[in-house]
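The residues making up each chain are set out below.
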Amino acid sequence: MFKKILIANRGEIAVRILRTCRELGIQTVTVHSEADADAAHVRLADESHLLGPAPVAQSYLRADRILEIARETGADAIHPGYGLLSENPGFAGACHEAGIVFIGPSPDAIARMGLKVQARAELESIGVPVVPGHGQALSGVDEAREVAARIGYPVMLKASAGGGGIGMERIEGPESLEKAFKLCQGRAKAYFGNGDLYLEKYLDRPRHIEIQVLADAHGSAWQLGERECSIQRRHQKVLEEAPSVALTPELRTRMGEIALRIVRHLGYVNAGTLEFLLDASGEFYFLEMNTRLQVEHPVTELVTGLDLVELQLRVAAGEKLALPDAAGEPRGHAIEVRLTAEDPITFMPAPGTLGEVRWPEGVRVDTWVESGTTLSPHYDPLVAKIIAHGATRQDAVSTLRSALEKVVVTGTKTNLLALMGILDDPDFLQGDYSTQFLATRRV
Ligand code: ADP
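Since we're looking at a predicted model, the values are computed, not measured. What you see as residue numbers is a count from 1 along each chain, following the sequence as written. Totals for whole chains, interfaces and linings use every residue, but because this is a predicted model, local features are given only for residues with pLDDT of at least 70 and side-chain atom pairs only at 80 or more, for both listing and counting. The side-chain quantities take in all heavy atoms of the structure and omit both hydrogens and water.

(A) Summary view of the overall build of the protein. Strands here mean DSSP runs of E at least two residues long; helices mean DSSP runs of H or I at least four residues long; both are numbered from the N terminus. Along the protein, the regular secondary structure elements total 14 helices and 20 strands. Taking 2.2 N^0.38 as the reference for a compact globule, 443 residues should give roughly 22 Å; the C-alpha atoms of the protein span a radius of gyration of 21 Å, in line with that estimate. Reported as C-alpha extents along the three principal axes, the dimensions of the protein are approximately 60 × 50 × 45 Å. Exposure is judged per residue with a 1.4 Å probe applied to protein chains only, and the accessible area is read against the type maximum: over 50% gives exposed, under 20% gives buried, and values in between give partly exposed. Expressed as a percentage of its 443 residues, the buried residues of the protein come to 58%. Within the protein, residue pairs in contact and separated by at least 24 positions form 64% of the contacts whose partners lie at least 6 positions apart. Per element, the accessible surface of the protein, about 17700 Å² overall, is 50% carbon and sulfur. Charged-residue counts in this description rest on Lys and Arg as positive and Asp and Glu as negative, His and the chain ends being excluded. Charge positions are represented by NZ for Lys, CZ for Arg, CG for Asp and CD for Glu. The distance from the centre of the 46 positive side-chain charges to the centre of the 59 negative ones in the protein is 2 Å. Only the C-alpha atoms count toward the radius of gyration. The rule for a globule is 2.2 Å times the residue count to the power 0.38. We call two residues in contact when some of their heavy atoms are within 4.5 Å. Per-residue accessibility takes into account occlusion by the displayed protein chains alone, with areas from the Shrake-Rupley method and a 1.4 Å probe.

Written out as C-alpha cells, the structure is:
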C-alpha cells in the first residue's frame, strides 16, 4: 500500500479521501489555492502546499505544479477526486511518466471514454444499446439539420467533451436549431476547449440509472449495483438513491452484464460509472462513462458496506481484490441529497461566508464547511452531501427527512427547503418520477 498520497482536489471530496487515507495510516499531502488557505482539506492533511490564486486554471488545474509538489514531497500516488484533473488523460499519463501512481484508470481508457461521441460509437460496436442518434461529431449546422430530421424532433444537441450538464440543448424543431448550435458550440469551446457537438434523440421523461463498476489489475471485475439519479436540476443531480425502484431483477441483471461487458472491452481498471437512460418501456441506453469516483458514491457505500476510496487505493497499489460476486447486492436503501449554496428562485450559486453550521446525527454528512467558511464564487457551490440509510426506502426517506429538519446553515441561501419538498412529494414517495421531476414542480 502507498505510504503517502497527494490529493489533487478540494472541498468535500478532498476531505472524504483524507478520511480513508487516515484510516489506512497513509500520510497525506493536499494542495490549495489562496482562497482555500484555511479550508478543511488543508487543515486535515499532514501537509498542504499552495498552488496559486483562486481561479482553477491558476491553481487546481496546474498539473505541472501538482506533479512538482508530488515529487518534492515524496508522494507515491495522486488521487484526483472528481472534476478538475480527474478525467484528464494527459495528467494521468504525466503521473505515470513521473513514476507516480495515478489513482484511476489508464490514460487510454480515460481518453476513449472522455469524448462522448467516440465513446458511444465504440460501445455501440460491441452491442451496447446507445441513445438513438448520430455517432459522429457534426461538421456544422447544415449537417445538424439533416441529422436532426432523420432522428426526428425533439432532439438533444450535446457537447462531446461536455460534463456537469453544460453544453446540452433540447431542440423542438428546425427553426431553433441554428441558434442552439451556436450557443452549444460556444459553451463547449469556452468550458471544455473542444467545440465538437453531436445529436441524440431527446428521450421523453427517462430515468437516469447508473451502474458502479470496479476492476482490479488482475482481471477481476465487479458491478456494484445501480444508483438512480433522476432528480436533477438543469441536468445536474440533486438527489440519488440505491437501489432504484424502477429496476426489475431482470433489468438489474441485464444492466449489470452490459456494464461488465464494457469494463472487459476497455480492459478497465479501478472504479468507474456507466450512465444509462431508462425509458418508460424498460429499454435502457448508454449515455456516458465517468472514469472516476462519482459525487454520489456514498449511496453505493451505504448499501454495500464497501469503502470505494479504499478499494480505489488498493487497486491502484496493485492488490488483487477478493470481493464476492454478490458484493453489489444492496442491503437496505440509501438516499443522498446535495445541499448547495444557491438562490432558491434563480438557482444561481450563492457564495458567501457561513454563519452558524450544524449537522444532524444518525446520517452520513460528507462536507468541508463549518461556521466561518467562505464559499468562493470560483468553485462548485456544493456545501454538503447528506446521506441516509434504512432497512427500506421508506425508512431511508423518513430518516433523511427528519435529519434535514435539523440542518442549520446560515449566512448564505441554500436549496434545503427544496430538498425537503422532494422528500415530501407524493410522486417521489411512490417512486414515480423521471428526470423531468424538478422541471415540472415548484420545489
Ligand atoms: P453530463 O456529462 O453533462 O452530465 P449526460 O450526458 O450525463 O451529461 O446527461 C445528463 C442528463 O441530461 C441526463 O441524466 C438526462 O437527464 C439528460 N439527458 C442527456 N441526454 C438526454 C437525452 N438524449 N434525452 C433526454 N434527456 C437527456
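Alright, that's what it looks like, and here's the rest.
(B) Fine view of the site of the ligand. Here a residue counts as near a molecule or strand whenever at least one of its heavy atoms sits within 4 Å of it. Of all residues adjacent to the ligand, which total 22 residues, the nearest are K158, G165, H208, Q232 and E288. The definition of a polar contact used here is a pair of N or O atoms within 3.5 Å, where within protein one atom must be able to donate a hydrogen and the other to accept one, and adjacent residues in sequence count solely through side-chain atom pairs. In the environment of the ligand, a nitrogen atom lies 2.9 Å from a nitrogen or oxygen atom belonging to the side chain of E200. Between Q232 and the ligand, the recorded distance is 2.6 Å, taken from a side-chain N or O atom to an oxygen atom. With the chains in place, 95% of the 550 Å² that the ligand exposes on its own is no longer accessible. For the shell around the ligand, the secondary structure elements donating two or more residues are β6 (155-163), β7 (166-171), β8 (197-201), β12 (270-278) and β13 (284-290). Looking at the shell around the ligand, the element that brings in the most residues is β6, giving four residues. Charged means Asp, Glu, Lys or Arg here, nonpolar means Ala, Val, Leu, Ile, Met, Phe, Trp, Tyr, Cys or Pro, and polar covers whatever is left, Gly included. Of the residues belonging to the shell around the ligand, the class tally is eight nonpolar, eight polar and six charged.

(C) Highlighting the packing of aromatic side chains. Pairs were defined over the aromatic rings of Phe, Tyr and Trp, the Trp ring being its six-membered one, requiring ring centres within 6.5 Å. Orientation was assigned from the angle between planes: stacked under 30 degrees, edge-to-face over 60, tilted for the rest. Enumeration over the complete set of coordinates arrives at seven aromatic pairs. Pairing F91 with F102 gives two aromatic rings, centres 6.1 Å apart and planes at 80°, and the pair type is edge-to-face. Highlighted residues: F91 in helix α4 (residues 89-97) and F102 in strand β5 (residues 101-102), separated in sequence by 11 residues. Accessibility assignment for this pair places F91 and F102 in one class, buried. Taking the centre distance of 5.3 Å and the plane angle of 35° together, the rings of F428 and Y433 count as tilted. Each member of the pair, F428 as well as Y433, carries the same accessibility label: buried. Taken together, F276, F284 and F286 form an aromatic cluster joined through their ring pairs. Any Lys NZ or Arg CZ found within 6 Å of a ring centre and within 35 degrees of that ring's normal is scored as a charge over the ring. The ring of Y202 has R170 sitting right over it, with the charged end atom 4.2 Å from the ring centre. For the cation-ring pair, R207 lies above Y433, with the distance from its terminal atom to the ring centre recorded as 4.7 Å.

(D) Expanded view of the side chain of E342. Within the secondary structure, E342 sits in the loop between β14 (333-340) and β15 (352-353). Salt bridge, as used here, is a side-chain nitrogen of Lys or Arg placed within 4 Å of a carboxyl oxygen of Asp or Glu. No salt bridge is formed by the buried E342. Its closest oppositely charged neighbour is R233, at 4.9 Å. Ignoring anything within four residues of it in the chain, the contact list for E342 reads F347, M348, P349, A350, K413, T414 and N415.

(E) How the structure looks around the sheet that holds strand β2 (residues 27-33). A pair of strands is considered paired only if DSSP assigns at least 2 bridges between the two. Pairing in this open sheet of five strands is parallel, and the strands run β3-β2-β1-β4-β5 from one edge to the other. A strand with exactly one partner marks an edge of an open sheet, and here the two such strands are β3 (47-52) and β5. Across five bridges, the pairing between β2 and β3 is parallel. The residue of β3 that forms the bridge with V31 is H49.

(F) Local environment of the pattern of salt bridges. Going through the model one piece at a time under the given rule, you end up with 40 salt bridges. Between E370 and R43 there is a salt bridge, with the nearest N and O atoms lying 3.0 Å from each other. Residue E370 is located in the loop between β17 (364-367) and β18 (374-375), and its partner R43 is located in helix α2 (residues 40-43); the two are separated by 327 residues in the primary sequence. You can call E370 partly exposed: its relative accessible area is 39%. Bridged by salt links that share partners, the residues E210, R227, K237, E240, E275, E296 and R338 form one connected network.

(G) Representation of the side chain of H134 within the structure. Within the secondary structure, H134 is located in the loop between α6 (116-124) and α7 (141-151). Within the local environment of H134, its side chain forms a polar contact with the side chain of R150, the two groups lying 3.4 Å apart. Apart from the residues lying within four places of it in its own chain, the contact partners of H134 are V117, R120, E143, V147, R150, I151, Y198 and L199.

(H) Just the nonpolar core, in detail. Of all hydrophobic cores here, the largest spans 35 residues; its most connected members are I231, L404, I422 and F428. Looking at this core, the elements with two or more residues in it are β11 (236-242), β14, β19 (382-390), α12 (393-405) and α13 (416-424). Aside from chain neighbours lying at most four places away, what touches I422 is I231, V238, L239, F428, F437, L438 and V443. In plain words, nonpolar cores are sets of buried Ala, Val, Leu, Ile, Met, Phe, Trp, Tyr and Cys residues tied together by side-chain atoms within 4.5 Å. Formed by 30 residues, the second largest nonpolar core is a distinct cluster that contains I7, L18, W222 and V309.

(I) Geometry of the sheet that holds β8. Read across the sheet, three strands follow the order β7-β6-β8 without closing on themselves; strand pairing throughout is antiparallel. Edge positions in the open sheet fall to β7 and β8, since each of these has one partner strand only. Pairs of neighbouring strands in the sheet enclose a mean axial angle of 25°, with direction left out of account. To define axes, lines are fitted to C-alpha atoms, for helices over the stretch in contact only, and angles between the resulting N-to-C directions are given on a 0 to 180 degree scale.

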